[in-house]
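# Structure at a glance
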Amino acid sequence: MSATHTISASSVSQTSPSPSGLLSIEEQTQLLNLQRAILKSIARGADHMEVITQTCRLAESLLPNAFSSVMLMDENYELLNIYAAPSLTPMQIKRANGLRPSPGGGSCGNVIYKQTVQYVSNTLTDDRWADIRDLAYEFNIKACWSIPIFSAESKVIGTFALSSFEHREPSQFHRMLLEIGSSIIGIVLNRNKYQESLRQYEKVFEGSEQGIMVTDVDHVILSVNPAFTKMLGFTLEDVKGKTPRILSSGLHEPAFYQNMWESIQNFGHWRGEVWNRRKNGEILPEWLSISEVRNEVGVVSHYVGTFSDISDLKSAQKEIQYLSSHDALTGLPDITLFRDRLENAVSIATAANSKIGLLALNLDNFKFLNDSLGYASGDKLLRLFAERLKSCLRDTDSICRHGGDEFIILLNNMQDDESISLVVDTLLNEISSPFAFAGSNISTSCSIGVAVYPNDGNDFEKLFGRARKAMSQAKEEGRNTARFFTEKLNTDSLHYLNIAYGLREALAHHQFELHYQPQMNLCNGKITGAEALVRWHHPQNGIQPPAQFIGIAEQTGLIVEMGEWIIEEACRQAMEWQKNGLPPLSIAVNVSAVQFRRGNLAKVILKALEKTGMNPQLLELELTESVLLEDIDHLLAQLDALKKLGVKLAIDDFGTGYSSLAYLKKFNIDRLKIDQSFVRDINTDPNDAAIVRAIVQMAHTLNLNVIAEGVEDEAMLKHLRESGCDEVQGYLFSKPLPADAFEAFINTNILCR
Ligand code: C2E
Ligand code: CA
Ligand code: CA
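Residues numbered from 1 in each chain as written. Chains lettered and ligands numbered in written order. Predicted model: local features only at pLDDT ≥ 70, side-chain atom pairs only at ≥ 80, totals over all residues. Heavy atoms only, no water.

At a closest axis distance of 10 Å, the pairing of helix α2 (residues 25-43) and helix α7 (residues 172-207) adopts a crossing angle of 10 degrees. Viewed along their axes, α2 and α7 adopt a mutual orientation that is roughly parallel. Contact residues: E27, Q30, L31, L34, Q35, I38 and I42 in α2; F173, M176, L177, I180, I184, V188 and R191 in α7. Considered class by class, the residues forming the contact of α2 with α7 number 10 nonpolar, two polar and two charged. (Axes fitted to C-alpha atoms, helices over the stretch in contact; angles between N-to-C directions. Helix = DSSP H or I, 4+ residues; strand = E, 2+ residues; numbered from the N terminus. Parallel < 35°, antiparallel > 145°, perpendicular 65-115°, else oblique. Contact = heavy atoms within 4.5 Å. Nonpolar A, V, L, I, M, F, W, Y, C, P; charged D, E, K, R; others polar.)

Here is the structure:
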């Protein structure tokens, strides 16, 4: 097809070529008219495409027997595509698209390749058309003049060209015509890009969930967005022309604001927590970020403040912090606090040359009482026990509840074993005297194990481990009694050694296997991934759950090597499933604090990713909160290295440990896994339901995703759904399954709830 048939070379006004160099009056008038016509439509607010088409048309009208075209480079700056060519048919445009800039790539290809204007008067012989000569024949192009179009940053972004159906050289008039055309097109394109981004900014401003306020350099408020009004109650009319002082709560010292403005002056921005006041006088905490805006010449012209209301976050934080340092039931300090106290006690006892008694105390028949009285009464009873125990101790001693009906007691600054023995006797007596409870007398007793510093150890692990062993011994030997730790009890450590030895064998002989438990998205009911959980095929004892060996693997450091295998195996399996046609699923792998401390985790993961070809985005590491207690610089560096690999990070068993909001904000975590213990009682304990809701809200404010595990029935699921939880995992959907069973599960289950 020849372009001549389809192109109407309309000639509004024709021009006779002028002698080279100068323009004739007639030509000057024509160019002036052209510019005027285009400027008029720009002023009229014409759309950028309309203006560009008009420019093309006008250029064609000034060069009969030719057509004009605008080509732009694609996003990768590789190929030229037609942006406007009003005289070409869609078929022709398709044919001309995808032009690659090169020395033989035609006039336009050369404009990009050489970054300067190209005048080709004979396309059939000129080398610059060598690669696309067929196009010249097809379109009947005999001459082609092309000129660069520049972006606002002076980069060549495309070409403006006149292609002629006869061989000819451009006159001065034509050169000017092209120049004017290309500069107008450049301006219009840039203006459009600018408006496009303005439109986007406007959308962000209007639609943002964050409050936004813009002030001038003198802090006079110019505009606020709907979220601002929603959160603070002030409309634009209320605050326009005023300064942000109108929001001040009066709770901050002048030095606070002084620091804030100093930071903005020195670094261009500030961010932090601020107490402000709503229109109705209410005070609220905000997470506020202020940035300066500079104009083209680098002078500060505006300030932009964005903020979110963190009231919910604050109360959740308080609640969680309290819960994480105190036992909700008895109000006793939790294990972390208790450990701190023991450490203190050890340093004091070392200096004073005194002893410490660490007691592990377990109620003998609590389970029976709990079952017969009901849980609510059981809880009340535990509180009474705690009170009684406390009443036997001095203020300088400490007590903590270690889950269920087990207590740990710290006896400070003791002279000798006999004085410890005396306290132990008092405790046994006190507990075994009957309780008046719910109208009747209840009898109970307890078993106590004792470990002594410095004889039995000098840290919590050692002392507590030994006190517990002694306590089991007391239970075995008839209850309502106490035992001191003795070396004989240590024969138990044979068990430990046997497992440690067995684990080494297991690694060498491939006795480990991963099982996979599906994770389901609550929005769409789809399975999004799985958690990998390790199992040990013990040659004599059969399948062993991780509780039997992970602890020992951690203590011996074997977990590092095991962990390497686990990570690689999980990736390998994920890729195999993909090969078998399963959709790409994310795989969560548990990582122990020991791996974090001792292994080079980032390197191990990189190796596994490279070896298996697994997409890092699909690998999630489940870290426990104890990981966050590592040395902070080391920790941040490690987390950073992991994030750089592209893998996701989750905090496992969230809510049981130490994590505070301030921490999570810093650590680039992707999601929280709510601990099973909250889910277990969510149906019956309003406290747990409230905690779950608070955790979800807090997590969402921090842009964290939340998954709950241990979901066993529909009622739990309903609670979690109502709490806004994102994903769930639990026996309700499936137990952890061997790889082939998991694959079958995915293939047969389209879960829609
Ligand atoms: P976790 O990471 O909290 O894993 C969840 C545990 O809950 C799993 O126990 C799982 O089988 C169990 N579970 C899942 N759904 C339900 C449910 O609906 N109800 C109840 N009651 N339990 C449910 P599992 O497989 O015995 O693992 C126990 C722990 O061992 C894990 O707790 C994790 O801390 C550790 N572990 C397991 N595999 C690995 C591993 O590959 N590496 C490391 N470092 N630790 C692992
Ligand atoms: Ca886990
Ligand atoms: Ca967990």
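Turning to its location among the elements, D126 is positioned in the loop between β3 (118-120) and α6 (133-139). Judged by relative accessible area, which is 18%, D126 ranks as buried. At 2.8 Å, the side chain of D126 forms a polar contact with the backbone nitrogen of R128. Ignoring any residue separated from it by four or fewer positions in sequence, one finds D126 in contact with V120 and R133. (Buried < 20%, exposed > 50% of the residue type's maximum accessible area, 1.4 Å probe, protein only. Polar contact = N/O pair within 3.5 Å; in protein donor to acceptor, adjacent residues only side chain to side chain.)

The five strands are arranged β2-β1-β5-β4-β3 in an open sheet whose pairing can be described as antiparallel. Among the strands making up the open sheet, the edge pair consists of β2 (80-84) and β3. The sheet shows a mean angle of 25 degrees between the axes of neighbouring strands, taken without regard to direction. Examined bridge by bridge, strand β1 (residues 66-73) and strand β5 (residues 156-164) share seven bridges and lie antiparallel to one another. Paired with A66 across the bridge in β5 is S164. The strands that α7 touches are β1, β2, β3, β4 (143-150) and β5; relative to β4, the one it contacts most, it runs at about 35 degrees. (Pairing = 2+ DSSP bridges.)

Of all 12 residues in strand β19 (residues 527-538), 10 are buried, a share of seventy percent or more. Strand direction decides the pairing type here: strand β18 (residues 512-521) and β19, joined by nine bridges, are antiparallel. Of the residues in β19, the one forming a bridge with H515 is L533. Taken together, β18 and the strand that follows it, β19, pair antiparallel across an intervening segment of five residues, in which G525 is found at a positive phi of about 70 degrees. By the bridge criterion, four bridges tie β19 to strand β21 (residues 586-591) in an arrangement that is parallel. Its bridge partner being in β21, E531 is matched across the sheet by A588.

On to the coordination of the calcium ion (ligand 3). For a metal with four tetrahedral donors the ideal donor-metal-donor angle is 109.5 degrees, whereas six octahedral donors ideally subtend 90 or 180 degrees. Every protein donor of the calcium ion (ligand 3) is listed here as D652 (OD), D653 (OD) and E709 (OE), and their distances to the metal cover 1.8 to 2.5 Å. In the primary structure, the donors to the calcium ion (ligand 3) are separated according to the pattern D-D-x55-E. Taking the relative accessible area as the measure of exposure, D653 reaches 26% and is therefore partly exposed. (Donors = N, O, S within 2.8 Å, 3.2 Å for Na, K, Ca; no water.)

Time to look at the pattern of salt bridges. The full count for this structure, using the stated rule, is 26 salt bridges. Among the ionic pairs, E568 bridges to K611, the shortest N-O distance being 2.9 Å. Of this pair, E568 sits in helix α19 (residues 558-579) while K611 sits in helix α21 (residues 601-612), and the two are 43 residues apart along the sequence. For K611, a relative accessible area of 57% corresponds to the exposed category. One salt-bridge network, held together by shared partners, links E531, E622, K673 and E709. (Salt bridge = Lys/Arg side-chain N within 4 Å of Asp/Glu carboxyl O.)

Further remarks concern the coordination of the calcium ion (ligand 2). Within the first shell, the calcium ion (ligand 2) binds the protein through E531 (OE), N590 (OD1), E622 (OE) and D652 (OD), at distances of 2.1 to 2.3 Å. Between consecutive donor residues of the calcium ion (ligand 2), the sequence gaps follow E-x58-N-x31-E-x29-D. Separating the calcium ion (ligand 2) and the calcium ion (ligand 3) is a distance of 4.0 Å, and D652 donates to both of them. Of this pair, E622 sits in strand β22 (residues 619-624) while D652 sits in strand β23 (residues 648-654), and the two are 30 residues apart along the sequence.

Attention now goes to the environment of W565. The residue W565 is located in helix α19 in this model. Judged by its relative accessible area of 27%, W565 is partly exposed. As a C-alpha pair, W565 and L288 span 277 residues in sequence and 45 Å in three-dimensional space. Not counting residues up to four positions away in its chain, the partners in contact with W565 are F512, E513 and L514.

Pairing between the strands of a sheet comes from backbone hydrogen bonds, and it takes one of two forms, parallel or antiparallel. In space, the five strands of this open sheet follow the order β12-β13-β11-β16-β17, with mixed pairing throughout. On the outer flanks of this sheet lie β12 (398-401) and β17 (482-484), each paired with one strand and no other. Averaged over all pairs of adjacent strands, the angle between strand axes in this sheet comes to 20 degrees, irrespective of strand direction. Along the sheet, helix α12 (residues 335-352) contacts β11 (355-363), β12, β13 (406-414) and β16 (446-453); its crossing angle with β13, the most-contacted strand, is approximately 20 degrees.

Counting buried positions along β11 yields nine of nine residues, so the element is predominantly enclosed. Inspection of the sheet shows β11 paired to β13 by seven bridges, in the antiparallel sense. Paired with A360 across the bridge in β13 is I408. Summarising the sheet, β11 and β16 pair through eight bridges and their orientation is antiparallel. Across the sheet, the residue bridging to L361 is I448, located in β16.

Around ligand 1 there are 21 residues in total, and Q517, R535, Q676, E712 and Y731 lie nearest to it. Between N590 and ligand 1, the recorded distance is 3.1 Å, taken from a side-chain N or O atom to an oxygen atom. In this structure, Q676 approaches ligand 1 through a side-chain N or O atom, which is 2.5 Å from an oxygen atom. Against a free-state accessible area of 800 Å², the protein chains account for coverage of 81% of ligand 1. (Near = heavy atom within 4 Å. Areas by Shrake-Rupley, 256 points an atom, 1.4 Å probe, with all protein chains shown as cover.)

The residue I651 is located in strand β23 in this model. Its relative accessible area of 0% is what places I651 among the buried residues. In sequence terms I651 and L628 are 23 residues apart; their C-alpha atoms lie 9.3 Å from each other.

Segmenting the chain into domains produces domain 1 (25-200), domain 2 (211-316), domain 3 (327-485) and domain 4 (500-752). Here the C-alpha centre of domain 4 lies 40 Å away from the C-alpha centre of domain 2. (Domains from an automatic or database assignment.)

In this section: the environment of S354. Relative to the elements of secondary structure, S354 occurs in the loop between α12 and β11. Separated by 123 residues in sequence, S354 and E477 have C-alpha atoms that sit 30 Å apart. Residue contacts for S354: discarding those within four places in its chain leaves A349, N413, M414 and Y453. In this structure the side chain of S354 is engaged in a polar contact, spanning 2.9 Å, whose partner is the side chain of N413.

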